[in-house]
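Structure assessment
Spelled out, the chains give:
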Amino acid sequence: MRAAYFENYGSVEHLMIKDQPVPEPEEHEVLVRNHASSLNFGNVGHVKGEPFFIRAFSGLNSPKKHVPGGDVSGVIEKVGKQVTRFKPGDEVMGDAADSGFGAFAEYVTVNSKVIVPKPVNLSYEKTATLPLAACTALSGLKKGNIQPGQNVLIVGSTGSVGPFAVQIAKSFGAEVTAVCSGKKAGFVRSMGADHIIDYTTEDFRDNDNAYDLVLGIAGTHSMSDFKKKLTPTGTYVNIGGSMKQFSNAFTTGPLLYLFSRQKFSILMYMADQKTLQEVKKMAEEGTIKPTITKTFSLDQISDAYSYYESGHAAGKIVITM
Ligand SMILES: NC(=O)c1ccc[n+]([C@@H]2O[C@H](COP(=O)([O-])OP(=O)(O)OC[C@H]3O[C@@H](n4cnc5c(N)ncnc54)[C@H](OP(=O)(O)O)[C@@H]3O)[C@@H](O)[C@H]2O)c1
């Protein structure tokens, strides 16, 4: 089969297309003929070996897995001995992150626990946008115990996770303020955001608004910056952001909130069937509408990564096999 391949950590230009053996599913796995996948922040980190902590999982000096890609959208080709929920021919979506990645390839094996039927109303391409990004957005909002009528601030509302977070927060009946660059404001508004803060001309710390829930998805802010934006019983959930923001969340975050009625948490989303099922349902009901910014063929994988790195994407970058 044809697969995206990288030998060592480094620039995304080193990604190539290489013939690889079709993987054999283990007892609890399914083999999927993958039709489409999508690019996420972690897929870029996997190839570059950056930020450095990622190597604790992917291999210290050299990568343990050479075919990147997590989002799976395709048709089951073969099932392992213990798999009873699926059969060859089933259309599915899933997440290969915990099964050794490998989704930027014509075939990929995935733990059957993180596979669900594909949304009936979506193409393979649109389905491929959902597994990591939409599930992360939903998990983050649920971790923050989102409630109807709440004021929610989403810092990092473009890219992969952000647009789903805006749509899902709106579906819970929240009033959403989205922080993004001005050039993508129209896009974020079309996702349903009620208010936009353009971080290139404004600073969300500068107004007097307070929020019941703040999601930190991107940016370089400190945990005390976010805490100041919460209502007296508000909740902050850290999803991502720069290395500085990420490490600040782990070091100072829990201490800052020790004696506070405000709540703090860090999301570390691990693929799970329940969340995938919920996202499938939301997609079928039209609660979330995937937005594809650009589609690349597997042959163009290196261009897809470069496009991601250019920062032009508003919505998902899809790879078709
Ligand atoms: N916790 C988890 O389990 C989990 C799971 C998945 C992803 N993540 C993390 O979530 C983060 C986002 O992932 P992603 O795939 O959505 O990334 P992405 O596609 O790269 O999107 C990030 C977006 O943030 C925007 N941005 C940059 N600086 C900003 C700022 N100062 N304020 C507001 N927005 C800013 C950028 O768009 P504009 O500047 O053009 O607006 C960019 O589109 C990453 O840090 C990733 O590691 C965490």
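Here, the structure is the one placed above.
Description of the structure in this document. (Residues numbered from 1 in each chain as written. Predicted model: local features only at pLDDT ≥ 70, side-chain atom pairs only at ≥ 80, totals over all residues.)

**Notes on the site of the ligand**
In the region of the ligand, 26 residues are neighbours, and G159, S160, A218, G240 and Y269 sit closest. Counting residues per element, the ones that place at least two in the shell around the ligand are α5 (161-171) and β9 (175-180). Here the shell around the ligand is built from residues that sort into 13 nonpolar, 12 polar and 1 charged. Shared between two domains, the shell around the ligand holds at least three residues of each, these being domain 1 (2-131 + 273-320) and domain 2 (133-266). (Near = placed C-beta within 6 Å. Helix = DSSP H or I, 4+ residues; strand = E, 2+ residues; numbered from the N terminus. Nonpolar A, V, L, I, M, F, W, Y, C, P; charged D, E, K, R; others polar. Domains from an automatic or database assignment.)

**What to know about α5**
Most of α5 sits out of view: 9 of its 11 residues are buried. The set of residues buried in α5 consists of V161, G162, P163, F164, A165, V166, Q167, I168 and A169. If you follow the buried residues of α5, they end up packed against α4 (133-143), β8 (151-155), β9, α6 (185-190) and β11 (211-216). One or two residues past the end of α5 sits G173, with phi positive at roughly 85°. (Buried ≥ 20, exposed ≤ 12 C-beta atoms within 10 Å, placed from the backbone. Contact = placed C-beta atoms within 7 Å.)

**Here's the deal with unusual backbone geometry**
Look at the link from E50 to P51: it is a cis peptide, with omega at -10°. The backbone phi angle of F101 is positive, close to 60°, even though this residue is not glycine. Mapped onto the elements, F101 comes out in the loop between β5 (91-95) and β6 (107-111). By C-beta crowding, F101 is classed as buried, having 23 other C-beta atoms within 10 Å.

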